[in-house]
Amino acid sequence: MKPAPLALAAGLLLLSLGAPAGAKPKKPVWPVPNPTLNQPGFQPSSSNRQISGVFGPRLKFGSARYDHHEGIDFYAFFDKGLPRGDHSVFSVLDGVVTDVIAPGNPERTETGNKVVVTHPIPWSALGGPKEWGNVRTGYLHLSRISVQKGQQVKAGDELGKAGETGYTSTVHLHFNVYRAGGRDVNVNPARLFSPKLFKGVVLPVHKKTVQIEFLERDKGAGTALARVYLERNVYGLDGFAWQVDKDSSRVISFEHVTATMRDKRDTGDQGLIPGLRLFPLRYNGGEALERLNAKRIPSSWPVSRYPVPNGKGVRLGYDVLATGIPEDAKKLTFVVFSVFGKKVKASPKRFQVER
Ligand SMILES: [Zn+2]
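Residues numbered from 1 in each chain as written. Predicted model: local features only at pLDDT ≥ 70, side-chain atom pairs only at ≥ 80, totals over all residues. Heavy atoms only, no water.

1. Re the sheet that holds strand β15 (residues 237-244)
Sheet strands associate in pairs through backbone hydrogen bonding, adopting either a parallel or an antiparallel arrangement. The following threshold applies: The rule for pairing is simple: two strands pair if DSSP sees at least two bridges between them. Helix and strand definitions here come from DSSP, where helices need a minimum of 4 consecutive H or I residues and strands a minimum of 2 consecutive E residues; each element is numbered from the N-terminal end. Angles here are taken between N-to-C directions and fall from 0 to 180 degrees, while the axes themselves are lines fitted to C-alpha atoms, restricted in helices to the stretch in contact.
Spatial ordering of the open sheet is given by β16-β15-β19-β20, a layout of four strands whose pairing is antiparallel. At either margin of the open sheet sits one strand with a lone partner, and together these are β16 (247-253) and β20 (343-346). Neighbour-to-neighbour, the strand axes of this sheet turn through a mean angle of 15°, independent of strand direction. Here strand β19 (residues 332-338) pairs with β20 via four bridges, running antiparallel. Note on β20: the bridge partner recorded for Phe334 is Ala346.

Structure representation (structure tokens):
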């Protein structure tokens, strides 16, 4: 999958929005702050409106259930000055409301109150393939909905209030970004971020934000285990690869799982990618692990063998196990990659434990 060249995308985006010639180009700011109301939006910022859940597999909050999170979550809980459930949710771009899931709709059980906006921006203007169609965005778990299906909205218009309707454990905005496909497919919402605009606030996949530890190679069992830590607010992570000599088939891309393995994606770590198993260590920050009932973690999970340090500042962790490694394999390389094509590669000089 080609990464979206976001630096180039800004100009194209404007063209597609039909900015009048000579008008000062408006940068695509995502998410849109609301200057008129001076209300907190959901932009990741120096306040505590932080990303609380990223795109991809996770060890679900409060359980040992593995699930594949297909959007980005933003805290809407801790901001000062507004009562719970009273944070506005804004359309990130101009568009038309094409779906509203409100009380009475059976889908609401899971998504809660939900609004989908279709934007007049083809993915091809953002570096995506033509068949991805137009960019659409979804806003889930709202406490209130303030728009109707068919309504035109401008970037920054309020769509509703962040809430905790549907399957959720707290007040937050779950933000989805879709592309067309055999069915509607979620892509990593980070594709709409402009990394430049959020420099220092959200962090790209980079050797400074990614820490790789090599834990074990078991030659008899044909396995190698690496652990990855990512700083909080790292966005755009799309997955991992274990390269074994010239064999580069052990790759998991979270967007690929979303697009092609919807039925299997939540069934645990088993069998999604031959030769690779993934164990998300924590979700929702360090506190999630403390609140997790550790006894319910399947004993086969490496979590139990290599306890996760309860360090502050580390928000995400995955153990990534390569299997089926030939005993005589010489060169092992571990790769962390993002939807923007950024990669961090590392090769173990020696494993901590080698059997
Ligand atoms: Zn979510």
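2. A closer look at the confidence of the model for the chain
The line we're drawing: Think of pLDDT as the predictor's per-residue confidence, scored from 0 to 100.
Averaged over all residues, the pLDDT of the chain equals 73, while 64% of them reach at least 70. Strand β6 (residues 95-101) holds the highest mean pLDDT among the elements of the chain, 96, whereas helix α1 (residues 6-17) holds the lowest, 35.

3. A closer look at the side chain of Arg179
Put simply, the rule is: The classification of residues rests on relative accessible area computed with a 1.4 Å probe and restricted to protein chains. Under 20% of the type maximum is buried, over 50% is exposed, and intermediate values are partly exposed. Within this scheme the basic residues Lys and Arg register as positive and the acidic residues Asp and Glu register as negative, but His and the chain ends are omitted. Whenever Lys or Arg places a side-chain nitrogen within 4 Å of a carboxyl oxygen from Asp or Glu, that contact is recorded as a salt bridge. In this description, contact between two residues means that some pair of their heavy atoms is separated by no more than 4.5 Å.
Topologically, Arg179 is positioned in strand β11 (residues 172-179). Despite its burial, Arg179 pairs with no opposite charge, the nearest such side chain being Glu255 at 6.3 Å. Residues in contact with Arg179, not counting those within four places in the same chain, are Trp123, Trp132, Arg136, Asp184, Val185, Val187 and Ala259.

4. Topic: the coordination of the zinc ion
Convention followed: The rule for donors is simple: an N, O or S atom within 2.8 Å of the metal counts, and for Na, K and Ca the reach is 3.2 Å. Water is not among the atoms, so a site may look short of donors. The geometry test gives tetrahedral to four donors whose angles all lie between 85 and 135 degrees, gives square planar to four donors and octahedral to six donors whose opposite members are over 155 degrees apart with all other angles between 65 and 115, and gives irregular to the rest.
Donor atoms from the polypeptide that coordinate the zinc ion comprise His69 (NE2), Asp73 (OD), Asp73 (OD) and His174 (ND1), at 2.0 to 2.8 Å from the metal. Angles of 52 to 152° at the metal separate the four donor atoms of the zinc ion, which places the site in the irregular class. Between consecutive donors of the zinc ion, the numbers of intervening residues give the motif H-x3-D-x100-H. Here Asp73 is found in strand β4 (residues 72-75), whereas its partner His174 is found in strand β11, with 101 residues between them in sequence. Among the residues examined, Asp73 registers a relative accessible area of 2% and is labelled buried.

5. A few points about the side chain of Glu70
Rules: Polar contacts here mean pairs of N or O atoms no more than 3.5 Å apart (in protein, one a potential hydrogen donor and the other a potential acceptor; neighbouring residues in sequence count only if both atoms are side-chain atoms).
The topology assignment puts Glu70 in the loop between β3 (66-69) and β4. One polar contact links Glu70 to Thr258, side chain to side chain, over a distance of 3.4 Å.

6. Topic: the packing of aromatic side chains
Aromatic ring pairs are defined here through the distance separating the ring centres and the angle between the ring planes. Note the threshold: The pairing test for Phe, Tyr and Trp rings, Trp by its six-membered ring, is centres within 6.5 Å, and the orientation test on the planes gives stacked under 30 degrees, edge-to-face over 60, and tilted for anything in between.
Overall, the coordinates contain eight aromatic pairs when judged by the stated rule. Seen in terms of ring centroids, Trp123 and Trp132 are 5.6 Å apart; in terms of plane orientation they differ by 85°. Their pairing is edge-to-face. Neither Trp123 nor Trp132 differs from the other in exposure class; each is buried. Pairwise contacts between aromatic rings join Phe214, Phe240, Trp242, Phe254, Tyr318 and Phe334 into one cluster.

7. Things to note about the nonpolar core
To keep things clear, this is the line we draw: Take the buried residues of types Ala, Val, Leu, Ile, Met, Phe, Trp, Tyr and Cys, join any two whose side-chain atoms come within 4.5 Å, and each joined set is a nonpolar core.
Ranked by internal contacts, the top residues of the largest apolar core, which has 34 residues, are Phe240, Trp242, Tyr318, Val320, Phe334 and Val336. Breaking this core down by element, the ones donating at least two residues are β13 (210-218), β14 (223-231), β15, α3 (254-260), β17 (276-280), β18 (314-322) and β19. If you look at the next biggest cluster of nonpolar residues, it comprises 25 residues, including Val97, Trp123, Leu126 and Leu142.

8. Considering the environment of His206
One can find His206 in the loop between β12 (185-187) and β13. Overall, the relative accessible area of 31% leaves His206 in the partly exposed class.

9. Digging into the pattern of salt bridges
The full count for this structure, using the stated rule, is five salt bridges. The shortest N-O distance in the salt bridge between Lys154 and Asp94 comes to 3.8 Å. Linking Lys154 in the loop between β9 (152-153) and β10 (158-162) with Asp94 in the loop between β5 (88-90) and β6, this pair joins segments that are 60 residues apart in sequence. For Arg227, the salt bridge goes to Asp319, with nearest N and O atoms at 2.6 Å. Taken together, the residues Arg227 in strand β14 and Asp319 in strand β18 connect sequence positions 92 residues apart. A single burial state applies to Arg227 and to Asp319, both of which are buried.

10. Re the pairing of strand β8 (residues 134-145)
As defined by bridge partners, strand β7 (residues 113-122) adjoins β8 across six bridges and the pair is classed as antiparallel. Residue pairing in the sheet places Pro122 in a bridge with Asn134 of β8. Note that β8 and β11 share five bridges and pair antiparallel. Residue pairing in the sheet places Thr137 in a bridge with Val177 of β11. For β8 and β10, the ladder comprises three bridges, and the chain directions are antiparallel.

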